[in-house]
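Here's the letter readout for the chains.
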Amino acid sequence: MIGTNIYISQETQDSLIKAAALKKMSVEELASSIVRESIQEKVGQIRYSYENQGKFAINPLLKMQPYAYLADPNEPAISPDDWEMNQNSEVNVL
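All values reported here derive from a predicted model rather than from experimental measurement.

Another aspect to go through is the overall build of the protein. Scanning the protein from terminus to terminus reveals three helices and zero strands. When its helices and strands are written in sequence order, the protein yields α-α-α. By residue count, 4% of the 94 residues in the protein fall in the buried class. Here the protein displays about 9700 Å² of accessible surface, and carbon together with sulfur accounts for 58% of that area.

In structure tokens form, the structure reads like this:
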């Protein structure tokens, strides 16, 4: 059993007290039954939505091939013309 504090408005507290008196049960018993039913309902919705999903998400890369980079490792990343153009400008923005 888990004990917890639940904060509810004064209006809701008054309604809970009146409902417990009408049902001839304690406020704690009524609140516990409401919380228990609510949790079961919510967990049932979660379980239902989980069961309707596929077991695993579809991999978007499933039919793709790895990328092959065919450049020479010694080849500069920037062409010499672009390098000179960047060197000549006052502000070098990368």
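So much for the structure itself; the text now carries on.
In the predicted model, the protein carries a mean pLDDT of 76, and 70% of its residues have values of at least 70. Model confidence for the protein, summarised as mean pLDDT per element, is weakest for helix α3 (residues 80-88) at 70 and strongest for helix α1 (residues 10-23) at 91.

In this section: a nonpolar patch on the surface. On the surface, a nonpolar cluster with roughly 390 Å² of combined accessible area is contributed by Ile-6, Ile-8, Val-35, Ile-39 and Val-43. Tracing the sequence through the fold places Ile-6 in the segment before α1.

About the thresholds
- Each chain has its residues counted from 1, running along the sequence as written.
- The model is predicted, so local features are restricted to residues of pLDDT at least 70 and side-chain atom pairs to those at 80 or more, both for listing and for counting; the totals for chains, interfaces and linings are taken over all residues.
- Side-chain measures here rest on the full set of heavy atoms in the structure, leaving out hydrogens and waters.
- The way it works is that DSSP assigns letters per residue, a run of H or I at least four long becomes a helix, a run of E at least two long becomes a strand, and they are numbered from the N terminus.
- The buried label applies to any residue whose accessible area, calculated with a 1.4 Å probe on protein chains only, is under 20% of its type's maximum; exposed applies above 50%, and partly exposed to all values in between.
- Each accessible area value is a Shrake-Rupley result obtained with a 1.4 Å probe; residue values ignore everything except the protein chains displayed when judging cover.
- Per-residue confidence from the prediction method is given by pLDDT, with values spanning 0 to 100.
- A patch consists of residues whose relative accessible area exceeds 30% and which take part in no salt bridge; residues with like charges are grouped when within 9 Å of each other, and nonpolar side chains (Val, Leu, Ile, Met, Phe, Trp, Tyr) when within 5 Å.
- We define a salt bridge as a side-chain nitrogen of Lys or Arg found within 4 Å of a carboxyl oxygen belonging to Asp or Glu.

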